Amino acid sequence: QEVESSSRKRSSKPATTKIQAPTSRGNAWLKQSISALEEEQNILAEIKQKEAETKKAEENAKAREWVEKTLKATAVAKARADQLRFKEIDDQQKAEVWLKSVAKNNG
């Protein structure tokens, strides 16, 4: 009976696993890994920021280019309109001179 009771006592205890405290080498590796991860996150953040700045610069360049093209097209259109208006005035003046000469000759 004594043997049975001692075996029961042993079996009634839960099995435990001893957790070892981290070693200094393990701590150093963990710190190094965390530092590397933080550095990588900083680099990725810088890359994202530079991409955003590049995109904004490209958009500004496109807007500037569009404004320049629009101003040039407006200047060309205005010059063409002035040219047509001056030709129209010139044609009108020539017509008036011709009409006066016809009226003078017929008059």
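From a predicted model like this one, the values you see are computed outputs, not experimental measurements.

## Comments concerning the overall build of the protein chain
The helix and strand tally for the protein chain stands at two helices and zero strands. Accessible surface, the protein chain: about 10800 Å² in total, of which carbon and sulfur atoms supply 57%.

## Some words on the packing of aromatic side chains
Given two aromatic rings, their pairing is described by the distance between the two centres and the angle made by the two planes. Taken as a whole and judged by the stated rule, the model has zero aromatic pairs. A cation over a ring is seen here: Arg85 above Phe86, with NZ or CZ 5.8 Å from the ring centre.

## Some thoughts on the pattern of salt bridges
One pass over the full model with this rule turns up five salt bridges. Salt-bridge contacts for Lys69 lead to Glu65; the nearest nitrogen and oxygen are separated by 3.2 Å. One end of the pair is Lys69 and the other is Glu65, both in helix 2 (residues 24-106) and four residues apart, which spans about a single turn. Judged by relative accessible area, which is 53%, Lys69 ranks as exposed. Arg85 is the partner of Asp82 in a salt bridge, and the nearest nitrogen-oxygen pair spans 2.8 Å. With Asp82 and Arg85 both in helix 2 and three residues apart, this pair spans about one turn of that helix. Several salt bridges converge on common partners, so that one network encompasses Lys78, Asp82 and Arg85.

## Quick look at a nonpolar patch on the surface
A surface patch of nonpolar side chains, about 340 Å² in accessible area, is lined by Trp29, Leu30 and Ile34. Counting through the fold element by element, Ile34 comes out in helix 2.

## Topic: the side chain of Asp82
You can call Asp82 buried: its relative accessible area is 18%. Side chain to side chain, Asp82 and Arg85 meet in a polar contact 2.8 Å long.

Definitions and cut-offs
Residues numbered from 1 in each chain as written. Predicted model: local features only at pLDDT ≥ 70, side-chain atom pairs only at ≥ 80, totals over all residues. Heavy atoms only, no water. Helix = DSSP H or I, 4+ residues; strand = E, 2+ residues; numbered from the N terminus. Areas by Shrake-Rupley, 256 points an atom, 1.4 Å probe, with all protein chains shown as cover. Phe/Tyr/Trp six-rings, centres within 6.5 Å; stacked < 30°, edge-to-face > 60°. Lys NZ or Arg CZ within 6 Å of the ring centre and 35° of its normal. Salt bridge = Lys/Arg side-chain N within 4 Å of Asp/Glu carboxyl O. Buried < 20%, exposed > 50% of the residue type's maximum accessible area, 1.4 Å probe, protein only. Patch = residues over 30% accessible without salt bridge, like charges linked within 9 Å, V, L, I, M, F, W, Y side chains within 5 Å. Polar contact = N/O pair within 3.5 Å; in protein donor to acceptor, adjacent residues only side chain to side chain.

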